[in-house]
Amino acid sequence: MSTQTSGLAIETAGLVKTFGGTRAVDGVDLAVPAGTVYGVLGPNGAGKTTTVRMLATLLRPDSGEAHVFGHDIVREADEVRGRVSLTGQYASVDEDLTGTENLVLLARLLGHRKPPARTRAAQLLEAFGLTDAAGKQVKHYSGGMRRRIDIAASILNTPDLLFLDEPTTGLDPRSRNQVWDIVRAVVAQGTTVLLTTQYLDEADQLASRIAVIDRGKVIAEGTKGELKASVGAGSVHLRLRDPGQRPLAADLLRRALDAQVQTEADPVALTARLTTAAGNDTAAEQAARALSALARGGITVDNFSLGQPSLDEVFLALTGHDTQQPRSGSDTSRDPKDEVAA
Ligand SMILES: Nc1ncnc2c1ncn2[C@@H]1O[C@H](COP(=O)(O)OP(=O)(O)O)[C@@H](O)[C@H]1O
Ligand SMILES: [Mg+2]
């Protein structure tokens, strides 16, 4: 398997990792094209981190194979390590040091002489909007700043492949957007990014292809267009002025959209699940059609919104269960002998 012929940054076949009774990763096949952002989307406990740790050579697979730029992750672990970076793992930021001190220190550890280390640190702090915080100890950084310095530290030497494991979980929308801009900038420099996330909209914003994983298995894979088409185009949410008009409104919506319409506990609320089968209309065109049908029927709509399918809806559509359902298998404690010495 060579990168030259396959154009793949990552290729795995039947990757498995078991912890006690839990098959954390249960036969994962992935093919990640080089030079793109590849999204691995799944709920808590799906096996995302375990997959990433195997690919980054921090954890040995029980069975299956994986190649990173054509190198076997077990037999050629050193070659793999030379080309990848994992945020928050290889590059650990020291809370007591300032932003500048951290980046200069890590650059020095990577073998840069002092002046280039300082230049690179200043460049990254600037690019990540951290110049004002450069002289502050990292322990005083906000969650968003902390996530940004972690990513900065992991790209001091531009890696060929960067693993970002849930880089925006818990961040406010503004910080999340800043991280997204950084990811776009990193991939524009030619780095391949494997991004794990619990958020469909994040995968949608950043990734070219997405693998949806659940209980250690890839349950769907494709471009985001393919994935969305398989789960529907989202939902129209409506609130009516008059609860008495709801049955008529539901009927008009059903006919205008050929969609499933749900009434909600709130007596004035309605939700129509859009399908991509409704011609080639976009969700917005379908929504416009719905609103005009309601207006013609004399129905007053107080409030209207158009929602993407949520991760929960994607899961329900793909698996028949929601993302909150606990996985089966005994809960075992972490076994340190599974960790590969770095
Ligand atoms: N070192 C470990 N020891 C025992 N169980 C683990 C260990 N790492 C992960 N698991 C279990 O494996 C499953 C997958 O975990 P993980 O890969 O962390 O999922 P995700 O990153 O998608 O949230 C979970 O059930 C988790 O509890
Ligand atoms: Mg995880």
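(A) Broad picture of helix 6 (residues 143-154). Relative to the 16 Å expected for twelve residues at 1.5 Å per residue, helix 6 spans 17 Å between its end C-alpha atoms, a close match to the ideal helical length. Here helix 6 lies mainly inside the structure; nine of its twelve residues are buried. Those residues of helix 6 that fall on the buried side of the exposure criterion are Gly144, Met145, Arg148, Ile149, Asp150, Ile151, Ala152, Ala153 and Ser154. In this fold, the buried residues of helix 6 make contact with strand 6 (84-86), helix 4 (99-109), helix 5 (114-127), strand 7 (161-165) and helix 7 (173-188).

(B) Spatial organisation of the confidence of the model for the protein chain. Looking at the protein chain, pLDDT values average 87 and 87% of them are 70 or higher. Below a pLDDT of 50 lies the segment residues 328-338, which in the model reaches eleven contacts outside its immediate sequence neighbourhood of four places, other chains included.

(C) Local environment of the pattern of salt bridges. Counted by the stated rule, this structure contains 16 salt bridges. The shortest N-O distance in the salt bridge between Arg176 and Asp201 comes to 2.8 Å. Of this pair, Arg176 sits in helix 7 while Asp201 sits in helix 8 (residues 200-206), and the two are 25 residues apart along the sequence. Asp201 gets classed as partly exposed once you look at its relative accessible area, which sits at 29%. Several salt bridges converge on common partners, so that one network encompasses Arg23, Asp26 and Lys217.

(D) Summary view of the packing of aromatic side chains. Summed over the entire model, instances satisfying the criterion amount to zero aromatic pairs. Between Arg83 and the ring centre of Phe69, over which it is positioned, the NZ or CZ distance is 4.1 Å.

(E) Geometry of the packing of helix 4 against helix 6. Helix 6 packs onto helix 4 with a crossing angle of 20 degrees between their chain directions and a minimal axis gap of 10 Å. Of the possible angle classes, the one that applies to helix 4 and helix 6 is roughly parallel. For the element pair helix 4 and helix 6, the recorded crossing hand is right-handed. Residues Gly99, Leu103 and Leu106 of helix 4 form the contact with helix 6, whose own contacting residues are Ile149, Ala152 and Ala153. Split by residue class, the contact of helix 4 with helix 6 holds five nonpolar, one polar and no charged.

(F) Quick look at the pairing of strand 10 (residues 217-223). The pairing of strand 9 (residues 209-214) with strand 10 spans six bridges and is antiparallel. In the strand pairing of strand 10, Arg209 is matched with Thr223.

(G) The arrangement of unusual backbone geometry in detail. The phi dihedral of Thr57 is positive, around 70 degrees, even though this residue is not glycine. Its location among the elements puts Thr57 in the loop between helix 2 (48-55) and strand 4 (63-68).

(H) How the structure looks around the sheet that holds strand 8 (residues 192-197). In space, the six strands of this open sheet follow the order 6-7-8-3-9-10, with mixed pairing throughout. Both edges of this open sheet fall to strand 6 and strand 10, since each of them pairs with a single strand only. Each strand of the sheet is rotated relative to its neighbour by a mean of 15 degrees, with strand direction disregarded. Here strand 3 (residues 37-41) pairs with strand 8 via five bridges, running parallel. Among the inter-strand pairings, Val40 is bridged to a residue of strand 8, identified as Thr196. Where helix 2 meets the sheet, its contacts fall on strand 3, strand 6, strand 7, strand 8 and strand 9, and the angle it forms with strand 8 comes to roughly 155 degrees.

(I) Structural context of the pairing of strand 2 (residues 22-33). Note: strand 1 (residues 8-19) against strand 2, nine bridges, orientation antiparallel. Each bridged residue has a counterpart across the sheet, and for Leu8 the counterpart in strand 2 is Pro33. In textbook terms, the turn of a hairpin is the stretch between consecutive antiparallel strands, and for strand 1 and strand 2 this stretch comprises two residues, one of which, Gly20, has a positive phi near 55 degrees.

(J) A look at helix 7. Relative to the 22 Å expected for 16 residues at 1.5 Å per residue, helix 7 spans 23 Å between its end C-alpha atoms, a close match to the ideal helical length. The complete set of buried residues in helix 7 reads Ser175, Arg176, Val179, Trp180, Ile182, Val183, Val186 and Val187. Projected onto a plane normal to the axis of helix 7, the buried residues spread over an arc of 160 degrees and lie on a single side. The outward face of helix 7, more than 90 degrees from its buried face, is lined by the exposed residues Pro173, Arg174 and Ala188. Lining the buried residues of helix 7 we find strand 3, helix 6, strand 7, strand 8 and helix 8. Where helix 7 starts, the residue carrying a side-chain oxygen 3.1 Å from the main-chain nitrogen of Arg174 turns out to be Asp172. One or two steps after helix 7, the chain reaches Gly190, where phi turns positive at roughly 105 degrees.

Conventions we followed
- Residues numbered from 1 in each chain as written.
- Chains lettered and ligands numbered in written order.
- Predicted model: local features only at pLDDT ≥ 70, side-chain atom pairs only at ≥ 80, totals over all residues.
- Heavy atoms only, no water.
- Helix = DSSP H or I, 4+ residues; strand = E, 2+ residues; numbered from the N terminus.
- Expected span 1.5 Å × (residues − 1).
- Buried < 20%, exposed > 50% of the residue type's maximum accessible area, 1.4 Å probe, protein only.
- Contact = heavy atoms within 4.5 Å.
- pLDDT = per-residue confidence, 0-100.
- Salt bridge = Lys/Arg side-chain N within 4 Å of Asp/Glu carboxyl O.
- Phe/Tyr/Trp six-rings, centres within 6.5 Å; stacked < 30°, edge-to-face > 60°.
- Lys NZ or Arg CZ within 6 Å of the ring centre and 35° of its normal.
- Axes fitted to C-alpha atoms, helices over the stretch in contact; angles between N-to-C directions.
- Parallel < 35°, antiparallel > 145°, perpendicular 65-115°, else oblique.
- Left-handed = near helix turned anticlockwise from the far one by under 90°.
- Nonpolar A, V, L, I, M, F, W, Y, C, P; charged D, E, K, R; others polar.
- Pairing = 2+ DSSP bridges.
- Arc of directions from axis to C-beta.
- Polar contact = N/O pair within 3.5 Å; in protein donor to acceptor, adjacent residues only side chain to side chain.

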